[in-house]
Amino acid sequence: MKTDRIKKKLKASLPEKRYIHSLGVADTSKALALRLGEDPEKAYLAGLLHDCAKGMSHEEMLSYARERHWEPDEVTLGALQILHAPVSALMAREEYGVTDPDVLDAIRYHTTGRAHMSMLERIVFASDLIEPSRDFDGVEDLRRLAREDFGSCVIACIDSSIRTVMDRGGLIHPDAVFARNDLIAQRGGK
Ligand SMILES: [Fe+2]
Ligand SMILES: [Fe+2]
């Protein structure tokens, strides 16, 4: 599907704020990809569609996943706000015609991360937090890190998202812990 059509369809299926956020993640992902030597088109597409299921309720997402024989793990069932990531990957393939597994994985793992994240996955993960419409304590520090030291930025983004979930008393998905440990181990530990 051409980008213009994707945008039209996405705009019609998301609340306006979420659509603007999606454009922000697409632009930020593309800019990072260009700087880091990754494919800017893949980054833009993954950023654009990363939240494409967010127009659905949690119940609708669950049905959508199960109708396609995708059963969420126990932690995801106890923390349904992360379900939109794998369901967005299912929708990107089925409703938006995305077949590239790199793009689909970047969408699927954008909330938790995972061990051995590709550079594209890291780019979309970080862009989700630092795109221009985001406004939370510490976002400026993450943006500065993204400019100066992308490796540290990704770790700081994972720390920030784990901390947010902990402050809410929520469940930490093991993939988030695997992502963090893996990134820190790659840096030679601390
Ligand atoms: Fe998301
Ligand atoms: Fe997002």
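Structure: above.
What comes next concerns the included structure. Bear in mind that the values here come from a model prediction, so they are computed numbers and not experimental data.

### What to know about the overall build of the protein
Logical step 1: If you tally the helices and strands in the protein, you get 11 helices and 0 strands.
Logical step 2: Starting at the N terminus and walking to the C terminus, you meet the elements of the protein as α-α-α-α-α-α-α-α-α-α-α.
Logical step 3: In terms of C-alpha radius of gyration, the protein reaches 16 Å, essentially the compact-globule figure of 16 Å for 190 residues.
Logical step 4: When its C-alpha atoms are laid out on the principal axes, the protein stretches across 45 × 35 × 30 Å.
Logical step 5: Out of the 190 residues belonging to the protein, those deemed buried represent 37%.
Logical step 6: Intrachain contacts of the protein at a sequence separation of at least 6 include 59% that bridge at least 24 residues.

### A short note on helix H6 (residues 84–94)
Logical step 1: Of all 11 residues that make up H6, 9 are buried, and the element is covered over most of its length.
Logical step 2: Turning to H6, its buried residues number three or more, namely His-84, Ala-85, Pro-86, Val-87, Ser-88, Ala-89, Leu-90, Met-91 and Ala-92.
Logical step 3: Where H6 is buried, its residues contact helix H3 (40–49), helix H4 (58–67) and helix H7 (101–108).

### Side note on the packing of helix H10 (residues 150–167) against helix H11 (residues 174–186)
Logical step 1: It is at 10 Å that the axes of H10 and H11 come closest, and there the two elements cross at 150°. With respect to H11, the element H10 is oriented roughly antiparallel. In this structure, H10 crosses over H11, and the sense of that crossing is left-handed. Of H11, the residues touching H10 (which contributes Val-154, Ile-155, Ile-158 and Ile-162) are Ala-176, Ala-179, Arg-180, Leu-183 and Ile-184.
Logical step 2: Taken together, the residues that form the contact of H10 with H11 break down as 8 nonpolar, no polar and 1 charged.

### Quick word on the environment of Ala-126
Logical step 1: Relative to the helices and strands, Ala-126 is located in helix H8 (residues 119–130).
Logical step 2: Taking the number of C-beta atoms within 10 Å as the measure of exposure, Ala-126 has 27 and is therefore buried.
Logical step 3: When near neighbours in sequence (up to four residues on either side) are disregarded, Ala-126 contacts Ala-146, Cys-153, Val-154 and Cys-157.

### Looking at the nonpolar core
Logical step 1: By size, the foremost hydrophobic cluster in this structure holds 46 residues, and its most contacted members are Ala-46 and Ala-126.
Logical step 2: Apart from residues no more than four positions distant in its own chain, Ala-46 is found in contact with Ser-29, Val-103, Ala-106, Ile-107, Leu-120 and Val-124.

### A closer look at H8
Logical step 1: End to end, H8 covers 16 Å across 12 residues, agreeing with the expected 16 Å (1.5 Å per residue, within 8%).
Logical step 2: Counting buried residues along H8, 11 of its 12 residues qualify, which places the element largely inside the surrounding structure.
Logical step 3: Of the residues making up H8, those classed as buried are Leu-120, Glu-121, Arg-122, Ile-123, Val-124, Phe-125, Ala-126, Ser-127, Asp-128, Leu-129 and Ile-130.
Logical step 4: On its buried face, H8 sits against helix H2 (16–36), H3, H7, helix H9 (139–148) and H10.

### Quick word on the environment of Arg-35
Logical step 1: Relative to the helices and strands, Arg-35 resides in helix H2.
Logical step 2: The sequence separation of Arg-35 and Arg-147 amounts to 112 residues, and the corresponding C-alpha distance is 9.5 Å.

### Side note on the packing of H6 against H7
For any two helices packed against each other, the geometry comes down to the angle between their axes and how far apart the axes lie.
Logical step 1: In the contact formed by H6 and H7, the axes pass within 7 Å of each other and the chain directions differ by 150°. Taken together, the axis directions place H6 and H7 in an arrangement best described as roughly antiparallel. Contacts between H6 and H7 involve Ala-85, Pro-86, Ser-88, Ala-89, Ala-92 and Arg-93 from the first element and Leu-104, Ile-107 and Arg-108 from the second.
Logical step 2: Grouping the amino acids of the contact of H6 with H7 by side-chain chemistry returns 6 nonpolar, 1 polar and 2 charged.

The rules we used
Residues numbered from 1 in each chain as written. Chains lettered and ligands numbered in written order. Predicted model: local features only at pLDDT ≥ 70, side-chain atom pairs only at ≥ 80, totals over all residues. Helix = DSSP H or I, 4+ residues; strand = E, 2+ residues; numbered from the N terminus. Rg over C-alpha atoms; globule rule 2.2 N^0.38 Å. Buried ≥ 20, exposed ≤ 12 C-beta atoms within 10 Å, placed from the backbone. Contact = placed C-beta atoms within 7 Å. Axes fitted to C-alpha atoms, helices over the stretch in contact; angles between N-to-C directions. Parallel < 35°, antiparallel > 145°, perpendicular 65-115°, else oblique. Left-handed = near helix turned anticlockwise from the far one by under 90°. Nonpolar A, V, L, I, M, F, W, Y, C, P; charged D, E, K, R; others polar. Core = buried A, V, L, I, M, F, W, Y, C linked by C-beta atoms within 7 Å. Expected span 1.5 Å × (residues − 1).

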